Amino acid sequence: QLRARCAADDLTPRQQEIAHLMARGLSHKEAARDLNLAPATVRKQIQNVYEKLGVNNVAGMIAALKGLR
């Protein structure tokens, strides 16, 4: 059976990776270090994730990401 599409399906692979790191409790600086990216890049990706998911905080993002699994 197929699951219904959700807003999280529109995230790029990098955005999904960053979102999952944030959902695990990492700060944007820790995520940037783990991914070898600039912290500003991670912050911008987080903003894009929030916009695509229609949320404005990590708790809302986590709830929206549950549709990915």
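Every residue gets a number counted from 1 within its own chain, in the order that chain's sequence is written. Where totals are concerned, whole chains, interfaces and linings use all residues; where local detail is concerned, this predicted model gives features only for residues with pLDDT of at least 70, and gives and counts side-chain atom pairs only at 80 or more. Note that water and hydrogens are dropped before the side-chain values are worked out from all heavy atoms of the structure.

Participant: Could you clarify how one ought to interpret the overall build of the protein chain in this entry?
Facilitator: Counting its secondary structure elements, the protein chain contains four helices and zero strands. Taken from N to C terminus, the helices and strands of the protein chain fall in the order α-α-α-α. Here the C-alpha radius of gyration of the protein chain, 12 Å, is about what a compact globule of 69 residues would show, namely 11 Å. Based on the C-alpha atoms only, the size of the protein chain along its principal axes is roughly 40 × 20 × 20 Å. Residue pairs in contact within the protein chain that sit at least 24 positions apart in sequence constitute 55% of those at least 6 positions apart. When the accessible area of the protein chain is evaluated, it comes to approximately 4,500 Å², of which 50% is carbon and sulfur surface. When charges are counted, neither His nor the chain ends are considered; positive counts come from Lys and Arg and negative counts from Asp and Glu. Every charge is mapped onto a representative atom, which is NZ of Lys, CZ of Arg, CG of Asp or CD of Glu. Within the protein chain, one finds 11 positive and 6 negative side-chain charges whose respective centroids are separated by 2 Å. Only DSSP runs of H or I with at least four residues qualify as helices, and only runs of E with at least two residues qualify as strands; both kinds are numbered from the N terminus onward. C-alpha atoms define the radius of gyration in this analysis, and the globule rule sets the expected value at 2.2 Å times the number of residues to the power 0.38. Residues are treated as being in contact if the distance between any of their heavy atoms lies within 4.5 Å. All accessible areas in this document rest on Shrake-Rupley with a 1.4 Å probe, and a residue is counted as covered only by the protein chains that are shown.

Participant: What is the right way to look at unusual backbone geometry in this model?
Facilitator: Residues other than glycine predominantly adopt negative phi, and peptide bonds predominantly adopt the trans conformation. In this model, Asn36 sits at a positive phi of 55°, which is unusual for a non-glycine residue. Counting through the fold element by element, Asn36 comes out in the loop between helix H2 (28-35) and helix H3 (39-53).

Participant: How do you make sense of the pattern of salt bridges when you look at a structure like this?
Facilitator: Side-chain pairs of opposite charge can arise whenever the charged atoms involved come near each other. Salt bridges are defined as contacts in which a side-chain nitrogen from Lys or Arg sits within 4 Å of a carboxyl oxygen from Asp or Glu. Throughout the structure, instances matching the rule amount to one salt bridge. One salt bridge in this structure joins Glu17 and Arg14, with 3.2 Å as the shortest N-O distance. Of this pair, Glu17 and Arg14 both sit in helix H1 (residues 13-23), separated by three residues, roughly a single helical turn. Exposed residues in this analysis have more than 50% of their type's maximum accessible area, buried residues have under 20%, and partly exposed residues fall in between, with area computed by a 1.4 Å probe over protein chains only. Residue Glu17 is classed as partly exposed on the basis of its relative accessible area of 36%.

Participant: What is the right way to look at the nonpolar core in this model?
Facilitator: For soluble globular proteins, the rule of thumb is that nonpolar side chains tend to be buried together. We call a set of buried residues a nonpolar core when its members are Ala, Val, Leu, Ile, Met, Phe, Trp, Tyr or Cys and they connect through side-chain atoms within 4.5 Å of each other. If you look at the biggest cluster of nonpolar residues, it comprises 19 residues, and the most contacted ones within it are Leu53 and Met61. Listed by contribution, the elements that provide at least two residues to this core are H1, H2, H3 and helix H4 (58-65). Residue contributions to this core peak at five residues, all from H3.

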